[in-house]
Each structure stands twice: as C-alpha cells, then as structure tokens.
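Observations on the model geometry
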Amino acid sequence: MKIEAYLFGGVAAFFLVVDVVYALWSLEPAGVAALTVSFLMATVVSFFCAMNHRRRGDRPEDDKGGEVVQRSGRLDFFPPKSGFPPLTALGAALAGLGIVFGAWLFFIGFGLLVAGAFGMVFEFSDR
C-alpha cells in the first residue's frame, strides 16, 4: 500500500497546485470548489493507504522477488442467496417514484431502502 499512498499523494499534490493556480487565475468559485474537493478526496485515499501500510506492513505484491503462490489461499467470504438486494432495489425505485407522485410513496420507498441496506450490512455480521 506504500506505492498507492505515494501515487495518490502525487495526485493530491497535483490537484493542490492546479487549484491554487486556477483560484488565482480565474476567480471562479465553482472550479475552485471542484478542484478543492478533488484534492481532499485524493488526500483521504492517500492517508488511508499509508495507514493501511503502517498497520499491516508490506504485501506480497511489494516484494520484488515475490512469487504468485505467496498470495494464494482463501480470498474472502462470498455470501449465498440473499433477499436484501431486491428489497433495496425496490425501495430505491419506490423512493424515486415517490419524488414524482407524492411524499407518501417516497417515505415507503425510503423505509424499504433503509431496511434493505441495513439488512445487507448486518446479514452476516455474526460470522
């Protein structure tokens, strides 16, 4: 993650320099705001990668003499069938229709959307 931290740090530095030059050159607030947000987002990603590298150390990909077998093993947990993604999609669709047809439909859709999202997040939290 060290390489990724440096990469996004460079992207953040680029956006900072462009933001300062653009702010002084154009005096236009929308572009300055967009470049500032881009700088902040790249900084957050760079900080996350640096902290992840500090916490976990080098990965097998960081070793120049590394073998493919060093990364082998179980990848992750992939859940079986779940009813929460269709519930979330139905809630999003009803919330979108509720914007057009009335607040009552929006609140029903928003409730289903929240229930589906929480269900997906906490369905396998006990494993």
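Procedures and definitions
Residues numbered from 1 in each chain as written. Predicted model: local features only at pLDDT ≥ 70, side-chain atom pairs only at ≥ 80, totals over all residues. Heavy atoms only, no water. Helix = DSSP H or I, 4+ residues; strand = E, 2+ residues; numbered from the N terminus. Expected span 1.5 Å × (residues − 1). Contact = heavy atoms within 4.5 Å. Buried < 20%, exposed > 50% of the residue type's maximum accessible area, 1.4 Å probe, protein only. Phe/Tyr/Trp six-rings, centres within 6.5 Å; stacked < 30°, edge-to-face > 60°. Patch = residues over 30% accessible without salt bridge, like charges linked within 9 Å, V, L, I, M, F, W, Y side chains within 5 Å. Areas by Shrake-Rupley, 256 points an atom, 1.4 Å probe, with all protein chains shown as cover. Salt bridge = Lys/Arg side-chain N within 4 Å of Asp/Glu carboxyl O. Lys, Arg positive; Asp, Glu negative; His and termini not counted. Polar contact = N/O pair within 3.5 Å; in protein donor to acceptor, adjacent residues only side chain to side chain.

1. Some remarks on helix α1 (residues 2–26)
Across its 25 residues, α1 extends 35 Å between first and last C-alpha, which sits within 8% of the 36 Å expected from 1.5 Å per residue. Its buried side turned inward, α1 meets α2 (29–56). One or two residues past the end of α1 sits Leu27, with phi positive at roughly 55 degrees.

2. A few points about the side chain of Ser46
Within the secondary structure layout, Ser46 lies in helix α2. Overall, Ser46 belongs to the buried group, its relative accessible area being 13%. Apart from residues no more than four positions distant in its own chain, Ser46 is found in contact with Ala5, Phe8 and Gly9.

3. Focus: the packing of aromatic side chains
Within the structure shown, the criterion is met by four aromatic pairs. Look at Phe106 and Phe110: their rings are 6.0 Å apart centre to centre, the planes differ by 20 degrees, and that puts the pair in the stacked class. One end of the pair, Phe106, and the other, Phe110, are both in helix α4 (residues 103–122), four residues apart, so they sit about a helical turn from each other. Residue Phe106 is classed as partly exposed on the basis of its relative accessible area, which comes to 28%. Judged by centre distance (6.0 Å) and plane angle (10 degrees), the ring pair of Phe118 and Phe122 falls under stacked.

4. Overview of a nonpolar patch on the surface
On the surface, Phe110, Val114, Phe118, Val121 and Phe122 cluster together into a nonpolar patch covering about 490 Å² of accessible area. By the secondary structure assignment, Phe122 is in helix α4.

5. Overview of the environment of Arg59
When you line up the elements, Arg59 lands in the loop between α2 and α3 (84–101). Note: C-alpha distance between Arg59 and Arg71 (twelve residues apart in sequence) is 8.7 Å. Those residues in contact with Arg59 that lie beyond four places of it in its chain are Met1, Glu4 and Arg71.

6. Things to note about unusual backbone geometry
Positive phi, close to 55 degrees, is recorded for Leu27, a residue that is not glycine. The topology assignment puts Leu27 in the loop between α1 and α2.

7. A closer look at the side chain of Asp19
By the element assignment, Asp19 lies in helix α1. Although Asp19 lies buried, it forms no salt bridge, and the closest oppositely charged side chain, Arg54, sits 25 Å away as judged by the N-O distance. Side-chain polar atoms of Asp19 contact the side chain of Thr36, separated by 2.7 Å. Ignoring anything within four residues of it in the chain, the contact list for Asp19 reads Val32, Leu35 and Thr36.

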